[in-house]
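Here are the chains, one letter per residue:
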Amino acid sequence: AQSVTQLGSHVSVSEGALVLLRCNYSSSVPPYLFWYVQYPNQGLQLLLKYTSAATLVKGINGFEAEFKKSETSFHLTKPSAHMSDAAEYFCAATKAAGNKLTFGGGTRVLVKP
Amino acid sequence: GAVVSQHPSRVICKSGTSVKIECRSLDFQATTMFWYRQFPKQSLMLMATSNEGSKATYEQGVEKDKFLINHASLTLSTLTVTSAHPEDSSFYICSARDRGIGETQYFGPGTRLLVL
């Protein structure tokens, strides 16, 4: 069965510092990969997705992620954290279009002034 | 584009009553919608997959008679929590897949259910 692992349930960064959120997947077949952000008491908003095109994917709000097949990873980064980036971030994967998503456990980001 | 709405955003009900939650895709047609449940500070747990015009597929451990799902049109799916009990209190989130862009799920804003 496919699984998604997010290393670190909580990440604390200073405003202006690099944000790095780690995501690893287990799959023999490169899946479709997604990063979503969830603000308190809200649904999930799509940040970016990998669908077997370019390995470096740029998303909204200055985030980007790089797909590395050799490392089975899809880490999310943002060069400079903003206070508004404080939220919960979920990595997710699906083997094929239309299939159900497998979510990681989530990483809560705290941004310190 | 790709907006999904949920109604109501929050609901409080008495134990034993039934609650219906609507999920609508506003600007696209969704052949498939998904229903998730999220406990505080936890990830999303898929409850069921809803396909337009057919019976929903429930995940293991989810009672289909407890959580009734109807997907009567390409833009609307409903989740009815029947005979709700306090342990059903949770955050319920739906998502929809645009049949024109198959791999991405777009999520609704969620419904907070509190059963007293």
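Located above this text is the structure these notes cover.
All values reported here derive from a predicted model rather than from experimental measurement.

So, how was this worked out
Residues numbered from 1 in each chain as written. Chains lettered and ligands numbered in written order. Predicted model: local features only at pLDDT ≥ 70, side-chain atom pairs only at ≥ 80, totals over all residues. Heavy atoms only, no water. Helix = DSSP H or I, 4+ residues; strand = E, 2+ residues; numbered from the N terminus. Rg over C-alpha atoms; globule rule 2.2 N^0.38 Å. Contact = heavy atoms within 4.5 Å. Areas by Shrake-Rupley, 256 points an atom, 1.4 Å probe, with all protein chains shown as cover. Lys, Arg positive; Asp, Glu negative; His and termini not counted. Charge placed at Lys NZ, Arg CZ, Asp CG, Glu CD. Disulfide = S-S within 2.5 Å. Buried < 20%, exposed > 50% of the residue type's maximum accessible area, 1.4 Å probe, protein only. Pairing = 2+ DSSP bridges. Axes fitted to C-alpha atoms, helices over the stretch in contact; angles between N-to-C directions. Buried area = accessible area lost by both parts, 1.4 Å probe. Salt bridge = Lys/Arg side-chain N within 4 Å of Asp/Glu carboxyl O. Polar contact = N/O pair within 3.5 Å; in protein donor to acceptor, adjacent residues only side chain to side chain. Nonpolar A, V, L, I, M, F, W, Y, C, P; charged D, E, K, R; others polar.

## Some words on the overall build of chain A
Step number 1: On a plain count of helices and strands, chain A comes out with zero helices and eleven strands.
Step number 2: A compact globule built from 113 residues would reach a C-alpha radius of gyration of about 13 Å, and chain A, at 13 Å, matches this within 12%.
Step number 3: C-alpha extents for chain A along the principal axes are approximately 40 × 30 × 20 Å.
Step number 4: Nonlocal contacts in chain A, meaning residues at least 24 apart in sequence, comprise 56% of its contacts between residues at least 6 apart.
Step number 5: Surface summary for chain A: the accessible area is close to 5400 Å², and the carbon and sulfur share equals 54%.
Step number 6: Here chain A contributes 10 positively and 6 negatively charged side chains, and the mean placements of these two sets differ by 8 Å.

## Description of the state of the cysteines
Residues and elements named next belong to chain A.
Step number 1: For the structure shown, the criterion picks out two disulfides over all chains.
Step number 2: Across a sulfur-sulfur distance of 1.9 Å, cysteine 23 and cysteine 91 are joined as a disulfide pair. What sets the handedness of the cysteine 23 and cysteine 91 disulfide is the S-S torsion sign, and at about -65° it is left-handed. On the criterion of sequence distance, the pair formed by cysteine 23 in strand 3 (residues 19-26) and cysteine 91 in strand 9 (residues 87-94) is long-range, its members being 68 residues apart. Each of the two residues, cysteine 23 as well as cysteine 91, counts as buried.

## Notes on the sheet that holds strand 6 (residues 56-58) of chain A
All names here are of chain A.
Step number 1: Here five strands make up an open sheet; going across it, the order is 1-3-8-7-6 and the pairing antiparallel. A single partner strand is all that each edge strand has here, and the edge strands are strand 1 (3-7) and strand 6. Pairs of neighbouring strands in the sheet enclose a mean axial angle of 20°, with direction left out of account.
Step number 2: Summarising the sheet, strand 6 and strand 7 (residues 64-68) pair through three bridges and their orientation is antiparallel. Considered in strand 7, the bridge of lysine 58 is made with glutamate 64.

## Some points on the interface of chain A and chain B
Step number 1: With 22 residues of chain A at the contact, the number on the chain B side is 22 residues.
Step number 2: Summing both partners gives a buried area of about 1600 Å² for chain A against chain B, and 56% of it is carried by carbon and sulfur.
Step number 3: The tally of links between chain A and chain B comes to one salt bridge.
Step number 4: On inspection of chain A and its partner chain B, the count reaches seven residue pairs in polar contact (both at pLDDT 80 or more).
Step number 5: Those elements that place two or more of their residues in the side of chain A that touches chain B are strand 4 (32-38), strand 5 (44-50) and strand 9 of chain A.
Step number 6: The element best represented in the side of chain A that touches chain B is strand 4 of chain A, accounting for four residues.
Step number 7: When the residues that make up the side of chain A that touches chain B are grouped by side-chain class, the tally is nine nonpolar, ten polar and three charged.

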